[in-house]
Amino acid sequence: MQITTRDGVQLYAKRWGSGRPVILIHGWPLTADTWDDVALPIAAAGFEVIAYDRRGFGRSEQPWTGYDYDTFADDLADVLAATNATQATLVGFSMGGGEVARYFQRHKGAHVAQAALIGSVVPYLLRTDDNPDGVAASVFETMQAQITKDRAAFYATFFKDFYGVGVISRPVSPEVIAWSQQLAMQAGLKATLDCITAFSQTDFRPDLAAISVPTLVIHGTGDAIVPIEPTARVVAAALPNAQVHEYDDAPHGLLASHKTQVASDLLAFLQTHK
């Protein structure tokens, strides 16, 4: 399925199953395909799963501009409109959590009944005086410099950290890492670089107050890409009614390393809304 956004960009989307809609928003620098292992059991359980490639990534068009969260939230609104989704659950992984938060602030949460943030950058990833547990700006600047120099080489190391691969730990196969590198290389270079700025510098703390629906939070305590302290634990404190699942020692790439557990927890959450 191709969806045309309000500014004329073509987004690739896929729809599996039928029932109440679940919108899956992927992480950087990947595509909607990284959701497949989680999407399959959800669709089989009686939900319609809608997953799309963010502008600039995967099979979607690669415009020169629009790699900011206001635009991403508008794109999400256009996906909901094009698929006639109502009473939907929005599920954002990693930088995709930012779309969820900004959609509630910018579009008042229209047509949404639930939200889920998995390994999400919300509410604020950057280290500042009032966010001391965040990540130093130099980390993101180094990422952009290395990607500009040789992004294929950068991804060879990045995805080992992404999936928590160490000297002893092997939470995913080498083939999963190779596949992730292939997906990442499908993205436009401009989109890849601009999105680092977007997900590292956007402060979603003001957006949290707009999230007024039941919310599920899943995060790994061993996440070396999006640390849990300035993200999931801040969300949990700001949204006292949220369901929070901390996966002990789990890495950032939960959709592969802990796919069965994520699918089970997400499905249980979905079934609480009738």
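The coordinates are above.
What you see is a predicted model, and the numbers here were worked out from it, not measured in a lab. (Residues numbered from 1 in each chain as written. Predicted model: local features only at pLDDT ≥ 70, side-chain atom pairs only at ≥ 80, totals over all residues. Heavy atoms only, no water.)

S.K.: What's the story with the nonpolar core in this structure? I'm lost.
M.R.: As a rule of thumb, soluble globular proteins bury nonpolar side chains together. Among the nonpolar cores identified, the biggest contains 93 residues, and Ile23, Trp28, Leu90, Phe159, Phe199 and Leu266 are the most heavily contacted of them. If we ignore the near neighbours within four places in the chain, the residues touching Phe199 are Trp28, Tyr69, Met95, Val121, Leu125 and Phe140. (Core = buried A, V, L, I, M, F, W, Y, C linked by side-chain atoms within 4.5 Å. Buried < 20%, exposed > 50% of the residue type's maximum accessible area, 1.4 Å probe, protein only. Contact = heavy atoms within 4.5 Å.)

S.K.: I keep staring at empty space enclosed by the protein and nothing clicks. Help me out?
M.R.: Tallied over the full model, the rule gives one cavity of 30 Å³ or more. Estimates place the volume of the largest cavity at around 40 Å³. As for the largest cavity, its lining consists of Leu117, Ser120, Val122, Val217, Ile218, His219, Thr231, Ala232 and Val235. At the level of elements, strand 7 (215–220) and helix 7 (232–238) are the ones that each hand at least two residues to the lining of the largest cavity. Its residues assigned to classes, the lining of the largest cavity shows six nonpolar, three polar and no charged. (1 Å grid on protein atoms, 1.4 Å probe; cavity = no way out; pocket = protein on both sides within 12 Å on 5 of 7 lines; lining within 4 Å. Points joined across faces, edges and corners; volume = space filled by probe spheres on them. Helix = DSSP H or I, 4+ residues; strand = E, 2+ residues; numbered from the N terminus. Nonpolar A, V, L, I, M, F, W, Y, C, P; charged D, E, K, R; others polar.)

S.K.: Could you clarify how one ought to interpret helix 9 (residues 259–270) in this entry?
M.R.: For the α-helix, the turn length of 3.6 residues means that residues three or four positions removed from each other point alike. With 12 residues, helix 9 extends 16 Å from end C-alpha to end C-alpha; this agrees with the ideal 16 Å at 1.5 Å per step. Val262, Ala263, Asp265, Leu266, Leu267, Phe269 and Leu270 are the residues of helix 9 that are buried. (Expected span 1.5 Å × (residues − 1).)

S.K.: Before we go on, may I ask you to explain the packing of aromatic side chains in this structure?
M.R.: Considering all chains together, one arrives at 16 aromatic pairs under this definition. A ring pair is formed by Phe140 and Phe199, whose centres lie 6.2 Å apart and whose planes are at 80°; its orientation type is edge-to-face. You can see Phe140 sitting in helix 4 (residues 137–162) and its partner Phe199 sitting in helix 6 (residues 189–201), a full 59 residues away along the chain. In this pair, the class of Phe140 matches that of Phe199, namely buried. With centroids separated by 5.7 Å and ring planes inclined at 45°, the aromatic side chains of Tyr155 and Phe159 adopt a geometry described as tilted. Separated by four residues within a single helix, Tyr155 and Phe159 lie in helix 4, roughly one turn from each other. Three or more aromatic residues joined by ring pairs form one cluster here, namely Trp28, Phe93, Phe140, Phe154, Tyr155, Phe158, Phe159, Phe162, Tyr163 and Phe199. One cation-aromatic arrangement involves Lys190 over Trp64; the distance from NZ or CZ to the ring centre is 4.3 Å. (Phe/Tyr/Trp six-rings, centres within 6.5 Å; stacked < 30°, edge-to-face > 60°. Lys NZ or Arg CZ within 6 Å of the ring centre and 35° of its normal.)

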